[in-house]
Every structure is written in C-alpha cells, then in structure tokens.
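Close look at the chain arrangement
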Amino acid sequence: MRNGIHPSYGPVVFRDRAADYTFLTRSTMTSEKTIEWEDGHTYPVVDVEISNVSHPFYTGTARVLDTAGRVERFERRYGKNG
C-alpha cells in the first residue's frame, strides 16, 4: 500500500436518529461532533437517517407489492400481445 493516500481508519460511533440507537464500529468517516461512549473514551459521532434497527426490511414492516395483479391489470388495459 502506498503511504499518504489512504484515509485514516478508526473507531466511530454511528447514531440512528430514527430509532435513537447508537453503535460503535470502525470506519473511515469522520465528524466534528463527539460523544463519550460507555467505555469512557470520546469518539466522533456520525448521525444516520436509517440503520438496521429502523429499516422496514429488517424490522419486518416492509410491504410486499402485488406484482401479479399489476401485470394482469396492464394486460386488461392494453391487451395481450400474442
């Protein structure tokens, strides 16, 4: 690896604003805001709009679209080719 071209990789706290959930991980993202973590150290904090805690797919609140009904409605409206 070449020196001086890679961003620094260190601990960062990500805070999900939708679910009021925080987690500590490593990342190249940085922030001017900091937060004191449970271990007593201060880490940069990055606010995110959505994470696995608040995403509809992971929470089980995702809606399933009726694609078969859409196809049938299209065929009724515009006719079948064939």
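This write-up is about the structure you can find in this document. Treat the numbers as computed from the prediction; the structure is a model and nothing was measured. (Residues numbered from 1 in each chain as written. Predicted model: local features only at pLDDT ≥ 70, side-chain atom pairs only at ≥ 80, totals over all residues. Heavy atoms only, no water.)

**A closer look at the side chain of Ser51**
Topologically, Ser51 is positioned in the loop between strand S4 (42-48) and helix H1 (56-59). Owing to a relative accessible area of 12%, Ser51 belongs among the buried residues under this scheme. A distance of 2.6 Å separates polar atoms of two side chains, one belonging to Ser51 and the other to Asp16. Among all residues touching Ser51, those that are not within four sequence positions of it are Asp16 and Phe23. (Helix = DSSP H or I, 4+ residues; strand = E, 2+ residues; numbered from the N terminus. Buried < 20%, exposed > 50% of the residue type's maximum accessible area, 1.4 Å probe, protein only. Polar contact = N/O pair within 3.5 Å; in protein donor to acceptor, adjacent residues only side chain to side chain. Contact = heavy atoms within 4.5 Å.)

**Thoughts on a positive patch on the surface**
A surface patch of positive charge is lined by Arg70, Arg73, Arg76 and Arg77. Along the polypeptide, Arg76 turns up in helix H2 (residues 67-78). (Patch = residues over 30% accessible without salt bridge, like charges linked within 9 Å, V, L, I, M, F, W, Y side chains within 5 Å. Areas by Shrake-Rupley, 256 points an atom, 1.4 Å probe, with all protein chains shown as cover. Salt bridge = Lys/Arg side-chain N within 4 Å of Asp/Glu carboxyl O. Lys, Arg positive; Asp, Glu negative; His and termini not counted. Charge placed at Lys NZ, Arg CZ, Asp CG, Glu CD.)

**Brief notes about the side chain of Ser27**
Topologically, Ser27 is positioned in strand S2 (residues 21-27). Beyond its immediate stretch of four places on either side in the chain, Ser27 contacts Ser8, Tyr9, Gly10, Val12 and Phe14.

**As for the environment of Ala19**
Mapped onto the secondary structure, Ala19 falls in the loop between strand S1 (10-16) and S2. A relative accessible area of 31% means that Ala19 is categorised as partly exposed. Taking the C-alpha atoms as reference points, Ala19 and Ser51, 32 residues apart in sequence, are found 8.4 Å from one another. Apart from the residues lying within four places of it in its own chain, the contact partners of Ala19 are Val53 and Ser54.

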